[in-house]
Protein chains: 2
Amino acid sequence: MDLHELIDLLPDGTVITDADLLASYRQDHANDPDAGTPVAVVRANSTDDVATTLRWAHERHIGVIPRGAGSGLSGGATAVDGCLMLSTERMRAITVDPVTRTAIVQPGLMNAEVKRAVAEHGLWYPPDPSSFEICSIGGNAATNAGGLCCVKYGVTTDYILGAEVVLADGTVLRLGGPRLKDSAGLSLTKLFIGSEGTLGVFTELTLRLLPAQPPQSTVVAGFATLAGAVEAILAITGELRPSMLEFMDSVTINAVEDEMRMGLDRNAAALLIARSDAPGQFALREAELMVEACEKAGATEVFHTEDLEEGEAFTAARRFAIPAVERLGALLLEDVGVPLPRLGDLVTGIEAIAQRHEVTVSLIAHAGDGNTHPLIVHDPTDPAQTARAHEAFGEIMHLAIELGGTITGEHGVGRLKKPWLVDQLGPEVLAVSQRIKDALDPHGILNPGAVL
Amino acid sequence: MDLHELIDLLPDGTVITDADLLASYRQDHANDPDAGTPVAVVRANSTDDVATTLRWAHERHIGVIPRGAGSGLSGGATAVDGCLMLSTERMRAITVDPVTRTAIVQPGLMNAEVKRAVAEHGLWYPPDPSSFEICSIGGNAATNAGGLCCVKYGVTTDYILGAEVVLADGTVLRLGGPRLKDSAGLSLTKLFIGSEGTLGVFTELTLRLLPAQPPQSTVVAGFATLAGAVEAILAITGELRPSMLEFMDSVTINAVEDEMRMGLDRNAAALLIARSDAPGQFALREAELMVEACEKAGATEVFHTEDLEEGEAFTAARRFAIPAVERLGALLLEDVGVPLPRLGDLVTGIEAIAQRHEVTVSLIAHAGDGNTHPLIVHDPTDPAQTARAHEAFGEIMHLAIELGGTITGEHGVGRLKKPWLVDQLGPEVLAVSQRIKDALDPHGILNPGAVL
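Residues numbered from 1 in each chain as written. Chains lettered and ligands numbered in written order. Predicted model: local features only at pLDDT ≥ 70, side-chain atom pairs only at ≥ 80, totals over all residues. Heavy atoms only, no water.

(A) Broad picture of the interface of chain A and chain B. Each partner contributes to the interface: chain A provides 81 residues, whereas chain B provides 81 residues. Together, the buried faces of chain A and chain B total about 5800 Å²; carbon and sulfur atoms form 63% of this surface. When the buried surface of chain A facing chain B is broken down by residue, A:Lys181, A:Ser183 and A:Leu186 rank first, second and third, together holding 14% of it. Where chain A meets chain B, there are 4 salt bridges. Of the charged contacts in the structure, one is a salt bridge between A:Glu410 and B:Lys181, with a shortest N-O distance of 3.1 Å. The set of elements that each furnish at least two residues to the side of chain A that touches chain B consists of helix 6 (150–153), strand 9 (172–176), helix 7 (188–192), strand 11 (210–211), helix 8 (226–239), helix 10 (281–296), helix 15 (418–425) and helix 16 (427–440) of chain A. No other element matches helix 16 of chain A, which puts 8 residues into the side of chain A that touches chain B. Along the lines of polarity and charge, the residues of the side of chain A that touches chain B split into 35 nonpolar, 29 polar and 17 charged. (Contact = heavy atoms within 4.5 Å. Buried area = accessible area lost by both parts, 1.4 Å probe. Salt bridge = Lys/Arg side-chain N within 4 Å of Asp/Glu carboxyl O. Helix = DSSP H or I, 4+ residues; strand = E, 2+ residues; numbered from the N terminus. Nonpolar A, V, L, I, M, F, W, Y, C, P; charged D, E, K, R; others polar.)

(B) Representation of the relation of the copies chain A and chain B. In the superposition of chain A on chain B (RMSD 0.0 Å, axial shift 0.0 Å), the rotation amounts to 180°. Such a combination of rotation and displacement between the chain copies is what one expects of a two-fold axis. Counting the interface residues of chain A, we find that 100% of their copies in chain B are interface residues as well, pointing to one common contact surface. (Least-squares fit on C-alpha atoms with pLDDT ≥ 70 in both.)

(C) Quick peek at the domain arrangement of chain A. Residues and elements named next belong to chain A. When cut into domains, chain A gives domain 1 (4–87), domain 2 (94–211) and domain 3 (217–402). For domain 1 versus domain 2, the distance between C-alpha centres works out to 22 Å. The partner domain 2 presents 14 residues to the 12 residues of domain 1 that form the contact. At the boundary of domain 1 with domain 2, total buried surface from both sides reaches about 1100 Å², with 67% on carbon and sulfur atoms. (Domains from an automatic or database assignment.)

(D) Layout of the sheet that holds strand 13 (residues 244–249) of chain B. Residue and element names in this part refer to chain B. With antiparallel pairing, 7 strands are arranged side by side in an open sheet as 15-12-14-13-17-18-16. Pairing within the sheet leaves two strands with one partner each, and these edge strands are strand 15 (299–305) and strand 16 (330–333). Strand-to-strand twist across the sheet, computed as the mean angle between neighbouring axes with direction ignored, equals 15°. Sheet topology note: the strand 13/strand 17 (residues 360–366) ladder contains 2 bridges and is antiparallel. By the bridge assignment, Phe 247 is partnered in strand 17 with Ala 365. Strands in contact with helix 9 (residues 250–260) are strand 13, strand 14 (270–276) and strand 17; relative to strand 13, the strand with the most contacts, it is inclined by about 90°. (Pairing = 2+ DSSP bridges. Axes fitted to C-alpha atoms, helices over the stretch in contact; angles between N-to-C directions.)

Encoded structure:
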């Protein structure tokens, strides 16, 4: 492939072909072993750069893999041999409008950077993936990312009012804007959100913001059984709207405690970390009700704090769970979700699958919305164990589907979960999705092999 | 057209061909004078009926106009000569799940019926068009309807987690479900919402619910100038999150007072009705801050009540505004929205347009989110005045577009606003929308002539 024309079309230093640098863009955090090698990485500086790159690739039928920060966990940004990686990491502008409570951001900013920039205006961008320090807002939009506060505040799509998107052929679309209400034409903004770079590339997002989150009360409860923890979860969500309701099982508790030494109960079968951000003394009242619910469900230990730093420390422990469990071995990362009443069935089903396949599964969950992350630990140098881990990976997704759930609550399908997508959606929904894909990207250059 | 086959395919009494009955289905509340006459009305009893009807029409390339309750204000359900009207009014089932805080509803229920059914479980479905007693939940989804609480709680799309949709060719898709988080595949649910029956017909919706809304405090303030009212609006939204922030101008105040005799200040240039549903004593505190903001902005009269019935009476007065103004003459109903900082420019611009064209405009607004309803009053028997009213109608939309706004915040484009859609979205966005339409409805049978 002759890249000189593309190199000439773009500002100096935009196209990278250095082999070592290329190698660092081959995989995202899913570490897909089947990743190919790109011919080049385009680090776009502007919408124009994105449009120029796509127009060039479209004319030549060259695959383009859009990439935010590369923190994806489903292989949505895995390189394909001969493709271009199109990174938006350099596009980092943000303007905040406190009157409309909106921000206009470019895709390369980290989620945490967006949060900090709007906080300066007393505002809050709620969606908070655990990886918020290292995941980009563009990637969040592409995967319709979730996080810890979603149980009360919803997911990324609920906070995107408009976007600039570049289509496969380089056409730049401006969609929506800083208006809470807009019923003019098809909801294209929402269609692009969660499409994992298969329909277009976000070059700008209009975010809806909320006033700063009130201080949170925090409750931490240990349980001797998984069933007790699940009972407490259902009791809490049936009565209250926690701003966070997180779950860690025994494997996770011990992995986190190994790293952080914060005195978590290593003997507990499960730990819940719940928070309330109800205004004023209502947070305290909600925390008290959560303490009661945990005690009633047989918690062995319940701890309650109004101290913000202490509460943040427990939240950080939960956020650190995936890196902590990674110390135990290679991980297959699950992201299955079920309607909340089926959470108990999912948890016990996962336990049974782990036992049957003799693999260690660490279970973390955004329990309040039924979204779980079973982390399947395995030794990649042991082919038999790795095969068993992969079998468990598929079975867990089938279990979630059987329980009326989803194979991915917030990470996206990418390449790793693609074989199971048809089992969840059915062939008709996939066929309709493919028709939309074909209408917008007739040569199939955008993120080939992902999702569809 | 030989309807016997369709009549035979559907349960007895489903297909109506009686001329008088057909006539009653020709128009929605937009009263489009160009409405055609349908060959039949299908009152579907089930998803099967909808699928059968569409399959039959698809094979014969017959236009089908989906219709909810016929309360639309943009002519989205205007009949076309020779078409079938497909009404979902008979599909009225609902089941509520308090554990997941979701409801599964069929499209024919009125918005108010959904609210009442979920309220029995202590739950709340927020979106609240003024027409909530006479508009169907299916129509709400089709137009991405808004309402009075959107300023704090968002619009219909924010509360739909899943749907069953029948495509033009009769294919039944099941999308999403009772899961707050689901990143599996394209966001098709969201694409169908707001597509005004051009892509598919909703036969079931999975709604996200909230706990019951706390009791609201209410503030009513009169202003001697429009500028004063706008200043108060910006002061309130800049500092607080009102659960409602509504505006009526002098024409509206007097039309409402003529009907309701509740002692509204007939001399005021503008009236604001604001509410707070912050928990506990925070509602009172927010109300006090809203009173202060109104007084500071020069309100001539400010009234504050914690009494729920009194607050509801003012809200009902605002909801009654369109019917009240209808007594003054025929209406062209606008639904333009702008980013909040441009609200003052919109209001003064509308006043200027009304004066220039010598037409009466009654201005109502969901002021807190910048969505206004200028109602252009005219005498349809006076051709010159009617022509001037139509000119004003177009100019108001162009003004909204110039101010970075939308031609429709919540009613939809339908047929009445279609000529202006390209001016807002631009030809590229329309072309992409048409490609999606063609991919899903290749014969163009669904709601022909609406939106695209």
